[in-house]
Amino acid sequence: MAAAAGAADAELRREVEALRGEVAALRKSAEVSRKENLLLRSRVAELEARPAAGGGRPPRAAGRAPAIGEEERRALLRHLREEASVHLGPSTIAGVGVFAFREIAEGVDPFEVCNAHLAAEERFITFSGAEIRDFAEPVRERVKEFFAPLTEEDGWTPQQDESGEPTYGVLATGLNSLNISWFLNHSDEPNVVFKDAEDEGSFNTYVTRRRIRAGEELTADYRELGREYHALVARGS
Ligand SMILES: C[S@@+](CC[C@H](N)C(=O)[O-])C[C@H]1O[C@@H](n2cnc3c(N)ncnc32)[C@H](O)[C@@H]1O
(Lines give C-alpha, C1' and ligand atoms only; values in the text may rest on other atoms or scores of the structure.)
Protein backbone atom coordinates (compact mmCIF):
# COMPACT_ATOMS: atom_id res chain seq x y z
CA MET A 1 0.00 0.00 0.00
CA ALA A 2 2.79 2.39 1.03
CA ALA A 3 4.79 1.41 -2.06
CA ALA A 4 1.80 2.14 -4.32
CA ALA A 5 1.31 5.57 -2.66
CA GLY A 6 5.00 6.37 -3.11
CA ALA A 7 4.83 5.47 -6.82
CA ALA A 8 1.75 7.73 -7.27
CA ASP A 9 3.61 10.61 -5.53
CA ALA A 10 6.59 10.15 -7.78
CA GLU A 11 4.33 10.11 -10.86
CA LEU A 12 2.60 13.29 -9.66
CA ARG A 13 5.95 15.05 -9.11
CA ARG A 14 7.04 14.11 -12.63
CA GLU A 15 3.81 15.50 -14.05
CA VAL A 16 4.25 18.72 -12.02
CA GLU A 17 7.87 18.98 -13.24
CA ALA A 18 6.77 18.41 -16.82
CA LEU A 19 4.05 21.08 -16.48
CA ARG A 20 6.57 23.54 -14.97
CA GLY A 21 8.84 22.88 -17.96
CA GLU A 22 5.98 23.59 -20.36
CA VAL A 23 5.06 26.80 -18.52
CA ALA A 24 8.71 27.96 -18.63
CA ALA A 25 8.89 27.19 -22.36
CA LEU A 26 5.63 29.07 -23.00
CA ARG A 27 6.89 32.08 -20.97
CA LYS A 28 10.13 32.09 -22.97
CA SER A 29 8.28 31.95 -26.28
CA ALA A 30 5.88 34.73 -25.12
CA GLU A 31 8.93 36.88 -24.26
CA VAL A 32 10.44 36.22 -27.71
CA SER A 33 7.11 37.16 -29.37
CA ARG A 34 6.87 40.34 -27.30
CA LYS A 35 10.38 41.37 -28.38
CA GLU A 36 9.63 40.48 -31.99
CA ASN A 37 6.40 42.46 -31.77
CA LEU A 38 8.24 45.53 -30.41
CA LEU A 39 10.88 45.23 -33.14
CA LEU A 40 8.23 44.92 -35.84
CA ARG A 41 6.34 47.94 -34.51
CA SER A 42 9.41 50.14 -34.49
CA ARG A 43 10.28 48.97 -38.05
CA VAL A 44 6.76 49.87 -39.23
CA ALA A 45 7.01 53.32 -37.58
CA GLU A 46 10.40 53.82 -39.24
CA LEU A 47 9.03 52.87 -42.68
CA GLU A 48 5.95 55.06 -42.25
CA ALA A 49 8.13 58.07 -41.45
CA ARG A 50 10.15 57.64 -44.67
CA PRO A 51 9.24 59.30 -48.00
CA ALA A 52 7.80 56.74 -50.39
CA ALA A 53 10.28 55.41 -52.94
CA GLY A 54 10.10 56.60 -56.55
CA GLY A 55 9.31 60.26 -55.89
CA GLY A 56 6.19 59.80 -53.73
CA ARG A 57 5.35 62.69 -51.46
CA PRO A 58 6.74 62.42 -47.93
CA PRO A 59 3.98 62.28 -45.34
CA ARG A 60 3.37 65.61 -43.60
CA ALA A 61 4.49 65.82 -39.99
CA ALA A 62 1.57 64.92 -37.74
CA GLY A 63 -0.63 67.90 -36.87
CA ARG A 64 0.99 70.19 -39.49
CA ALA A 65 -1.49 69.81 -42.35
CA PRO A 66 -3.93 72.72 -42.43
CA ALA A 67 -7.52 71.60 -42.04
CA ILE A 68 -9.77 71.57 -45.09
CA GLY A 69 -13.42 72.03 -44.26
CA GLU A 70 -16.72 73.32 -45.59
CA GLU A 71 -15.41 76.86 -46.05
CA GLU A 72 -12.58 75.64 -48.34
CA ARG A 73 -15.04 73.49 -50.26
CA ARG A 74 -17.35 76.48 -50.80
CA ALA A 75 -14.38 78.63 -51.93
CA LEU A 76 -13.27 75.94 -54.41
CA LEU A 77 -16.79 75.59 -55.82
CA ARG A 78 -17.00 79.39 -56.27
CA HIS A 79 -13.58 79.33 -57.97
CA LEU A 80 -14.58 76.55 -60.39
CA ARG A 81 -18.06 77.93 -61.13
CA GLU A 82 -17.30 81.63 -61.42
CA GLU A 83 -13.66 82.62 -61.13
CA ALA A 84 -11.29 80.16 -62.90
CA SER A 85 -10.80 81.61 -66.38
CA VAL A 86 -7.21 81.18 -67.61
CA HIS A 87 -5.09 78.38 -69.02
CA LEU A 88 -1.78 77.96 -70.83
CA GLY A 89 -1.52 77.56 -74.60
CA PRO A 90 0.79 78.12 -77.58
CA SER A 91 1.19 81.83 -78.17
CA THR A 92 1.67 83.81 -81.38
CA ILE A 93 3.76 86.27 -79.30
CA ALA A 94 6.30 83.82 -77.84
CA GLY A 95 6.36 80.16 -76.77
CA VAL A 96 3.67 79.46 -74.19
CA GLY A 97 1.24 82.18 -73.13
CA VAL A 98 -1.82 82.67 -70.92
CA PHE A 99 -5.30 82.58 -72.49
CA ALA A 100 -8.83 83.28 -71.27
CA PHE A 101 -11.16 80.28 -71.62
CA ARG A 102 -14.11 82.48 -70.77
CA GLU A 103 -14.78 86.19 -70.68
CA ILE A 104 -13.05 88.08 -67.88
CA ALA A 105 -14.46 91.39 -66.64
CA GLU A 106 -12.37 94.57 -66.24
CA GLY A 107 -10.76 95.15 -62.81
CA VAL A 108 -10.46 91.45 -61.92
CA ASP A 109 -7.39 89.49 -60.77
CA PRO A 110 -7.48 86.51 -63.17
CA PHE A 111 -4.79 84.66 -61.18
CA GLU A 112 -6.26 84.90 -57.72
CA VAL A 113 -5.33 81.74 -55.82
CA CYS A 114 -8.29 79.86 -54.38
CA ASN A 115 -7.86 78.92 -50.70
CA ALA A 116 -4.57 80.81 -50.67
CA HIS A 117 -3.93 79.79 -47.05
CA LEU A 118 -3.38 76.22 -48.33
CA ALA A 119 -0.91 77.28 -51.03
CA ALA A 120 2.85 77.79 -50.73
CA GLU A 121 4.00 81.32 -50.15
CA GLU A 122 6.03 82.92 -52.92
CA ARG A 123 9.46 83.69 -51.48
CA PHE A 124 12.62 84.58 -53.35
CA ILE A 125 16.33 83.94 -52.97
CA THR A 126 18.82 86.41 -54.41
CA PHE A 127 21.52 85.31 -56.84
CA SER A 128 24.34 87.39 -58.26
CA GLY A 129 24.88 87.65 -62.01
CA ALA A 130 28.02 85.52 -61.59
CA GLU A 131 26.05 82.75 -59.87
CA ILE A 132 23.45 82.77 -62.63
CA ARG A 133 26.24 82.52 -65.22
CA ASP A 134 27.44 79.30 -63.59
CA PHE A 135 24.20 77.44 -64.36
CA ALA A 136 23.97 75.19 -67.42
CA GLU A 137 22.85 77.20 -70.43
CA PRO A 138 19.18 76.03 -70.66
CA VAL A 139 18.71 76.62 -66.92
CA ARG A 140 20.35 80.05 -67.14
CA GLU A 141 17.99 80.94 -69.97
CA ARG A 142 14.88 79.84 -68.08
CA VAL A 143 15.99 81.69 -64.95
CA LYS A 144 16.56 84.90 -66.91
CA GLU A 145 13.25 84.52 -68.77
CA PHE A 146 11.22 84.14 -65.62
CA PHE A 147 13.00 86.12 -62.95
CA ALA A 148 13.52 89.82 -63.55
CA PRO A 149 16.64 91.44 -62.08
CA LEU A 150 15.87 93.26 -58.83
CA THR A 151 15.39 96.98 -59.37
CA GLU A 152 16.18 100.14 -57.45
CA GLU A 153 13.39 102.21 -55.86
CA ASP A 154 12.54 103.67 -59.29
CA GLY A 155 11.43 100.18 -60.41
CA TRP A 156 13.51 100.55 -63.60
CA THR A 157 17.25 100.64 -62.83
CA PRO A 158 18.71 97.19 -62.05
CA GLN A 159 20.24 96.66 -58.61
CA GLN A 160 23.91 95.77 -59.00
CA ASP A 161 26.19 93.57 -56.93
CA GLU A 162 29.82 94.43 -55.99
CA SER A 163 31.02 93.48 -59.46
CA GLY A 164 28.48 95.74 -61.12
CA GLU A 165 26.20 92.91 -62.29
CA PRO A 166 22.42 92.71 -61.84
CA THR A 167 21.08 90.55 -59.03
CA TYR A 168 18.12 88.23 -59.51
CA GLY A 169 15.34 87.14 -57.18
CA VAL A 170 14.67 83.47 -57.93
CA LEU A 171 11.55 81.73 -56.62
CA ALA A 172 12.68 79.75 -53.56
CA THR A 173 10.57 76.73 -54.57
CA GLY A 174 12.27 76.59 -58.00
CA LEU A 175 11.28 76.30 -61.63
CA ASN A 176 8.78 73.46 -61.08
CA SER A 177 6.45 75.62 -59.03
CA LEU A 178 5.77 78.44 -61.49
CA ASN A 179 2.03 79.09 -61.61
CA ILE A 180 0.06 80.18 -64.69
CA SER A 181 0.69 83.89 -64.14
CA TRP A 182 4.42 83.40 -64.67
CA PHE A 183 3.73 82.71 -68.35
CA LEU A 184 2.30 86.15 -69.19
CA ASN A 185 3.94 87.44 -72.35
CA HIS A 186 4.76 91.10 -72.95
CA SER A 187 2.76 93.61 -74.94
CA ASP A 188 3.15 97.39 -75.27
CA GLU A 189 -0.64 97.47 -75.00
CA PRO A 190 -1.23 94.96 -72.22
CA ASN A 191 -4.66 93.89 -71.00
CA VAL A 192 -3.35 93.05 -67.50
CA VAL A 193 -1.54 95.31 -65.02
CA PHE A 194 1.03 93.83 -62.67
CA LYS A 195 1.09 94.80 -58.98
CA ASP A 196 3.96 93.92 -56.64
CA ALA A 197 3.00 91.71 -53.68
CA GLU A 198 2.15 93.92 -50.74
CA ASP A 199 3.60 91.65 -48.05
CA GLU A 200 6.67 89.43 -48.02
CA GLY A 201 5.52 85.93 -48.94
CA SER A 202 2.14 86.85 -50.37
CA PHE A 203 1.32 86.47 -54.06
CA ASN A 204 1.86 89.13 -56.70
CA THR A 205 -1.45 90.39 -57.97
CA TYR A 206 -2.71 91.31 -61.42
CA VAL A 207 -5.73 93.27 -62.55
CA THR A 208 -7.39 93.23 -65.96
CA ARG A 209 -7.32 96.70 -67.60
CA ARG A 210 -10.38 95.94 -69.69
CA ARG A 211 -12.83 93.17 -70.49
CA ILE A 212 -11.00 90.18 -72.00
CA ARG A 213 -12.80 87.95 -74.49
CA ALA A 214 -12.72 84.13 -74.37
CA GLY A 215 -9.73 82.91 -76.42
CA GLU A 216 -7.74 86.15 -76.06
CA GLU A 217 -4.15 86.03 -74.82
CA LEU A 218 -3.50 87.88 -71.56
CA THR A 219 -0.45 90.14 -71.66
CA ALA A 220 1.48 92.37 -69.26
CA ASP A 221 3.87 95.26 -69.82
CA TYR A 222 7.39 94.10 -68.93
CA ARG A 223 8.41 97.77 -68.49
CA GLU A 224 6.76 97.37 -65.08
CA LEU A 225 9.49 94.83 -64.25
CA GLY A 226 12.49 97.05 -64.95
CA ARG A 227 14.90 98.03 -67.71
CA GLU A 228 16.87 94.77 -67.96
CA TYR A 229 13.82 92.56 -68.10
CA HIS A 230 12.07 94.72 -70.68
CA ALA A 231 15.26 94.63 -72.78
CA LEU A 232 14.64 90.86 -73.28
CA VAL A 233 11.54 91.63 -75.33
CA ALA A 234 12.14 95.21 -76.49
CA ARG A 235 12.93 94.16 -80.05
CA GLY A 236 10.16 91.57 -80.27
CA SER A 237 7.38 93.84 -78.96
C1 LIG B 1 7.94 84.98 -68.39
S2 LIG B 1 8.37 84.25 -69.89
C3 LIG B 1 6.80 84.17 -70.68
C4 LIG B 1 6.47 82.74 -71.05
C5 LIG B 1 7.21 82.30 -72.28
N6 LIG B 1 6.48 82.69 -73.48
C7 LIG B 1 7.44 80.80 -72.28
O8 LIG B 1 7.07 80.10 -73.22
O9 LIG B 1 8.01 80.29 -71.29
C10 LIG B 1 9.19 85.60 -70.63
C11 LIG B 1 9.86 85.27 -71.91
O12 LIG B 1 8.92 85.09 -72.98
C13 LIG B 1 9.39 85.69 -74.18
N14 LIG B 1 8.51 86.83 -74.54
C15 LIG B 1 7.49 87.31 -73.79
N16 LIG B 1 6.89 88.34 -74.42
C17 LIG B 1 7.54 88.51 -75.59
C18 LIG B 1 7.40 89.44 -76.68
N19 LIG B 1 6.46 90.38 -76.70
N20 LIG B 1 8.26 89.32 -77.71
C21 LIG B 1 9.23 88.37 -77.72
N22 LIG B 1 9.42 87.48 -76.73
C23 LIG B 1 8.58 87.54 -75.67
C24 LIG B 1 10.79 86.17 -73.89
O25 LIG B 1 11.67 85.14 -74.22
C26 LIG B 1 10.77 86.38 -72.39
O27 LIG B 1 12.05 86.30 -71.85
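Above this note sits the structure.
What counts, and at which threshold
- Residues numbered from 1 in each chain as written.
- Predicted model: local features only at pLDDT ≥ 70, side-chain atom pairs only at ≥ 80, totals over all residues.
- Heavy atoms only, no water.
- Helix = DSSP H or I, 4+ residues; strand = E, 2+ residues; numbered from the N terminus.
- Areas by Shrake-Rupley, 256 points an atom, 1.4 Å probe, with all protein chains shown as cover.
- Pairing = 2+ DSSP bridges.
- Near = heavy atom within 4 Å.
- Polar contact = N/O pair within 3.5 Å; in protein donor to acceptor, adjacent residues only side chain to side chain.
- Nonpolar A, V, L, I, M, F, W, Y, C, P; charged D, E, K, R; others polar.
- Expected span 1.5 Å × (residues − 1).
- Buried < 20%, exposed > 50% of the residue type's maximum accessible area, 1.4 Å probe, protein only.
- Arc of directions from axis to C-beta.
- Phe/Tyr/Trp six-rings, centres within 6.5 Å; stacked < 30°, edge-to-face > 60°.

This next bit is on the overall build of the chain. Broken down by element type, the chain carries five helices and eight strands. When the elements of the chain are put in sequence order from the N terminus, they spell out α-α-β-β-β-α-α-β-β-β-β-β-α. For the chain, the accessible area works out to roughly 16,700 Å², and carbon and sulfur atoms hold 53% of it.

Read from one edge of the open sheet, four strands run β1-β2-β8-β5, paired in mixed fashion. One side of each edge strand has no neighbouring strand; the edge strands of this open sheet are β1 (86–90) and β5 (185–186).

The subject of this paragraph is the site of the ligand. Around the ligand, a shell composed of 17 residues is seen, among which Ala-94, Val-96, Arg-142, Asn-185 and His-186 lie nearest. Within the backbone of Val-96, an N or O atom sits 2.7 Å from an oxygen atom of the ligand. Contact between the ligand and His-186: a nitrogen atom at 2.9 Å from a main-chain N or O atom of the residue. Of all the secondary-structure elements, those providing two or more residues to the shell around the ligand are α4 (137–146) and β5. Tallied by class, residues from the shell around the ligand come to eleven nonpolar, four polar and two charged.

Another aspect to go through is helix α2 (residues 70–83). Within an α-helix, residues lying three or four positions from one another point in the same direction, as the helix has 3.6 residues per turn. For α2, with 14 residues, the first-to-last C-alpha span of 18 Å sits near the 20 Å given by 1.5 Å per residue. Every buried residue of α2 is accounted for by Glu-72, Ala-75 and His-79. Considered in projection along α2, the buried side chains sweep an arc of 60° and stay on one side of the axis. The exposed residues of α2 that point more than 90 degrees off its buried face are Glu-70, Arg-73, Leu-80, Arg-81 and Glu-82.

Another aspect to go through is unusual backbone geometry. At Asn-115, a position not held by glycine, the phi torsion is positive, near 50°. Position of Asn-115 among the secondary structure elements: in the loop between β2 (96–100) and β3 (124–128).

Here the focus is the packing of aromatic side chains. Taken as a whole, this structure holds seven aromatic pairs when the rule is applied. Judged by centre distance (5.1 Å) and plane angle (70°), the ring pair of Phe-146 and Phe-183 falls under edge-to-face. Of this pair, Phe-146 sits in helix α4 while Phe-183 sits in the loop between β4 (167–171) and β5, placing them 37 residues apart in sequence. Feature note: the residues Phe-111, Phe-194 and Tyr-206 constitute an aromatic cluster, connected by ring pairs.

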